[in-house]
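Take a look at the letters that make up each chain.
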Amino acid sequence: MPAAVRRESGNTSRPVARRFADRFVDLAQARSPLCLGLDPSEDLIRHWGLDDSVEGMHRFCQTVLEAAADEIAVVKPQCGFFERLGPGGMDVMAKVIRQAKSQGALALIDCKRGDFARTMTGYAQAMLGDDSGFGGDAMTVTAYLGLDALRPVIDRAAACGAAVFVVVRSSNADGHFLQKAMHDDGRTVAEALADSITVINRETGEGIGHVGAVIGATIDAADSTVLDRLPLSLVLAPGVGAQGATISDVKARFGRAAKRTLPSVSRAILAKGPSVAGLRTAIRRYRDEAWAANSEQ
């Protein structure tokens, strides 16, 4: 389903895709804000009784998307699980993205790239936009080399109506040592990063910006204040399902930001395969929970 376009002021010949945030809001109302993580890991593929091969991976992904049909707002392929099978696996990921988009979903590539600016230009060209190598609507990144190093990705996202989700407060406990480290001004690394994201979004237009944040759904009350620093960001919230968080937890812990949140579920849904009916039942369960939580905000 092609994205609607608007025209740049002063230039009637160059179409600009609608922003990811606007498209997501529409889909959240029509389909719920649920984000389906697509993780074709070796253990899940074998759990389905398939060979851990490019063919098995492709069959796995096609079955999941058949079950998802037109009921999911966002599909999030986890790049690492595709990359592990080399070029064949990456070809499957490209096909998965095309199929998800043909079903009307947004494709968020979970690749968590983070490098120097010159290299990030290459990643941006590979991942973001209809004219990119993989055609993603959004991607995840990390800012360990500094937020300025991510500028090529951020700028490309702004130009093509895509989004960038920066890891701010992850769901894995090992990351908390770095994310909670203190700056001289008393802010944690996560808080300072959130503040910088908000500055970028404020500079690039009104409403929700193209730079989002990854905040684990497992965040506790003491750390949830970082969300108050992200009033102009969509929030990707992994950790629902197998990592222990629930949709209700996201609603309770994320407060006002819950309305702008993409709760992400992977294994808790994927483990219900290879039955299309089983997958669909799980998808609809989480979809309906996310829909209800979103409408109650």
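Here, every reference points to the structure presented above.
Because the structure is a prediction, the values reported are computed rather than measured.

(A) Broad picture of the overall build of the protein chain. Looking only at helices and strands, one finds 12 helices and 10 strands in the protein chain. Since a compact globule built from 297 residues should have a radius of gyration of about 19 Å, the 18 Å found for the protein chain is in line with a globular shape. For the protein chain, the spread of C-alpha atoms along the principal axes amounts to about 55 × 50 × 35 Å. The 297 residues of the protein chain split such that 54% are buried. In the protein chain, 69% of the contacts between residues at least 6 apart in sequence involve partners at least 24 apart. Total accessible area computed for the protein chain in this model is approximately 13100 Å², and 50% of it derives from carbon and sulfur atoms.

(B) The packing of aromatic side chains, seen in detail. Taken as a whole and judged by the stated rule, the model has 2 aromatic pairs. Pairing phenylalanine 20 with phenylalanine 165 gives two aromatic rings, centres 5.9 Å apart and planes at 75°, and the pair type is edge-to-face. With a gap of 145 residues between them, phenylalanine 20 in helix α1 (residues 20-31) and phenylalanine 165 in strand β7 (residues 163-169) connect regions that are remote in the sequence. The same class applies to phenylalanine 20 and to phenylalanine 165, which are both buried. Relative to phenylalanine 60, the ring of tryptophan 48 has its centre 4.2 Å away and its plane inclined at 40°; by these criteria the two rings are tilted. Of the two residues, tryptophan 48 sits in the loop between α2 (42-47) and α3 (54-68) while phenylalanine 60 sits in helix α3, which places them 12 residues apart along the sequence. Residue tryptophan 48 is classed as buried on the basis of its relative accessible area, which comes to 7%. Residue classification places phenylalanine 60 among the buried positions, given a relative accessible area of 0%. A cation over an aromatic ring shows up here: arginine 285 above the ring of tyrosine 286, its NZ or CZ 4.4 Å from the ring centre.

(C) Layout of unusual backbone geometry. The residue after glycine 273, namely proline 274, is reached through a cis peptide bond having omega 15°. Structurally, the position occupied by proline 274 is in the loop between α11 (267-270) and α12 (276-295). Within the chain, serine 32 stands out as a residue other than glycine whose phi angle is a positive 90°. Since its relative accessible area comes to 1%, serine 32 is described here as buried. Despite not being glycine, alanine 69 has its phi angle at roughly 50°, a positive value. Checked against the element boundaries, alanine 69 lands in the loop between α3 and β4 (74-77).

(D) Spatial organisation of α3. With 15 residues, α3 extends 21 Å between its outermost C-alpha atoms, agreeing within 8% with the 21 Å of an ideal straight helix rising 1.5 Å per residue. All of the buried residues along α3 are Gly56, Met57, Phe60, Cys61, Thr63, Val64, Leu65, Ala67 and Ala68. Of the residues flanking the end of α3, it is alanine 69, one or two places downstream, whose phi is positive at about 50°.

(E) Looking closely at the pairing of strand β5 (residues 106-113). The buried count for β5 comes to 7 of 8 residues, which makes it a mostly enclosed element. Bridge analysis of β4 against β5 gives 2 bridges, and the strand direction is parallel. By the bridge assignment for β5, valine 74 is matched with leucine 106. As paired strands, β5 and strand β6 (residues 138-141) are joined by 3 bridges and run parallel to one another. Bridge pairing in β6 places leucine 108 opposite alanine 138. Between β5 and its parallel partner β6, the chain crosses via helix α6 (residues 117-127), and the hand of that crossover is right-handed.

(F) Spatial organisation of the pattern of salt bridges. Applying the stated criterion across every chain, the model contains 22 salt bridges. A salt bridge links aspartate 137 to arginine 23, with the nearest nitrogen and oxygen atoms 3.1 Å apart. With a gap of 114 residues between them, aspartate 137 in the loop between α6 and β6 and arginine 23 in helix α1 connect regions that are remote in the sequence. Comparing aspartate 137 with arginine 23, the two get one shared label, buried. A salt bridge links aspartate 43 to arginine 267; the shortest N-O distance between them is 3.0 Å. Remark: arginine 267 occurs in helix α11 and aspartate 43 occurs in helix α2; sequence separation between them is 224 residues. For aspartate 43, a relative accessible area of 42% translates into the label partly exposed.

(G) View of the sheet that holds β5. Taken together, 8 strands build a closed barrel; the order of strands is β3-β4-β5-β6-β7-β8-β9-β10 and the barrel is parallel. Averaged over all pairs of adjacent strands, the angle between strand axes in this sheet comes to 30°, irrespective of strand direction. Sheet topology note: the β6/β7 ladder contains 4 bridges and is parallel. Note on β7: the bridge partner recorded for methionine 139 is valine 164. Across the sheet, helix α7 (residues 151-160) is in contact with β6, β7 and β8 (211-215); its angle to β7 comes to roughly 135°. Sheet strands touched by helix α10 (residues 247-254): β8, β9 (235-240) and β10 (261-265). Its angle to β9, the strand with the most contacts, is close to 135°.

Cut-offs and rules
- Residues numbered from 1 in each chain as written.
- Predicted model: local features only at pLDDT ≥ 70, side-chain atom pairs only at ≥ 80, totals over all residues.
- Heavy atoms only, no water.
- Helix = DSSP H or I, 4+ residues; strand = E, 2+ residues; numbered from the N terminus.
- Rg over C-alpha atoms; globule rule 2.2 N^0.38 Å.
- Buried < 20%, exposed > 50% of the residue type's maximum accessible area, 1.4 Å probe, protein only.
- Contact = heavy atoms within 4.5 Å.
- Areas by Shrake-Rupley, 256 points an atom, 1.4 Å probe, with all protein chains shown as cover.
- Phe/Tyr/Trp six-rings, centres within 6.5 Å; stacked < 30°, edge-to-face > 60°.
- Lys NZ or Arg CZ within 6 Å of the ring centre and 35° of its normal.
- Expected span 1.5 Å × (residues − 1).
- Pairing = 2+ DSSP bridges.
- Right-handed = clockwise from strand over helix to strand, strands pointing away.
- Salt bridge = Lys/Arg side-chain N within 4 Å of Asp/Glu carboxyl O.
- Axes fitted to C-alpha atoms, helices over the stretch in contact; angles between N-to-C directions.

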